[in-house]
Amino acid sequence: ADGTGGSNGATMRHAKEAGDPENAGLDKAQEYLEPVKAQFPWLSYADLWIMAACVAIEHTGGPKVPFRGGRIDGVFEQAIAPGRLPGAEKGLADGFELDDQGR
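Overview of the structure. From a predicted model like this one, the values you see are computed outputs, not experimental measurements.

### Examining the packing of aromatic side chains
Per the counting criterion, the structure on display carries two aromatic pairs. Ring geometry for Phe40 against Trp42: centres 6.0 Å apart, planes inclined by 80°, an arrangement best described as edge-to-face. Note on Trp42: relative accessible area 69%, which makes it exposed. If you follow Lys16 out to its NZ or CZ, it ends over the ring of Phe76, 5.9 Å from the centre. Lying across the ring of Tyr45, Lys37 places its NZ or CZ 4.8 Å from the centre.

Right, here's the structure in full:
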């Protein structure tokens, strides 16, 4: 792993990364969370999205996922260009490298 990707930075809110076809539809979830962000402006988008994911998992019958805050929001220049995410309909491309935890 090269230390990029994941939720720290919340760079998917920038057009460069949000425009990746593999992120299609996630703008709806972002819009849904905007009132929460407005109510708690000190909360980073990165933490907000992870906290929402933890709540969603639990709400849909999954396990309680512990939440630990502290993520920061990145700038546009940190956004990842399209082509990095695996295609949902095709799975991982040949040669796609995973870390020792399968990420």
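### Section: the packing of helix α2 (residues 26-39) against helix α3 (residues 45-59)
The N-to-C vectors of α2 and α3 enclose an angle of 115°; their axes lie 11 Å apart at closest approach. Comparing their axes, α3 and α2 come out roughly perpendicular. Between α2 and α3 the crossing geometry is right-handed. For the pair α2 and α3, the contacting residues are Gln30, Leu33, Glu34, Val36 and Lys37 in the first and Tyr45, Leu48, Trp49 and Ala52 in the second. Of the residues contributing to the contact of α2 with α3, the split by class is six nonpolar, one polar and two charged.

Calculation notes
- Residues numbered from 1 in each chain as written.
- Predicted model: local features only at pLDDT ≥ 70, side-chain atom pairs only at ≥ 80, totals over all residues.
- Heavy atoms only, no water.
- Phe/Tyr/Trp six-rings, centres within 6.5 Å; stacked < 30°, edge-to-face > 60°.
- Buried < 20%, exposed > 50% of the residue type's maximum accessible area, 1.4 Å probe, protein only.
- Lys NZ or Arg CZ within 6 Å of the ring centre and 35° of its normal.
- Axes fitted to C-alpha atoms, helices over the stretch in contact; angles between N-to-C directions.
- Helix = DSSP H or I, 4+ residues; strand = E, 2+ residues; numbered from the N terminus.
- Parallel < 35°, antiparallel > 145°, perpendicular 65-115°, else oblique.
- Left-handed = near helix turned anticlockwise from the far one by under 90°.
- Contact = heavy atoms within 4.5 Å.
- Nonpolar A, V, L, I, M, F, W, Y, C, P; charged D, E, K, R; others polar.

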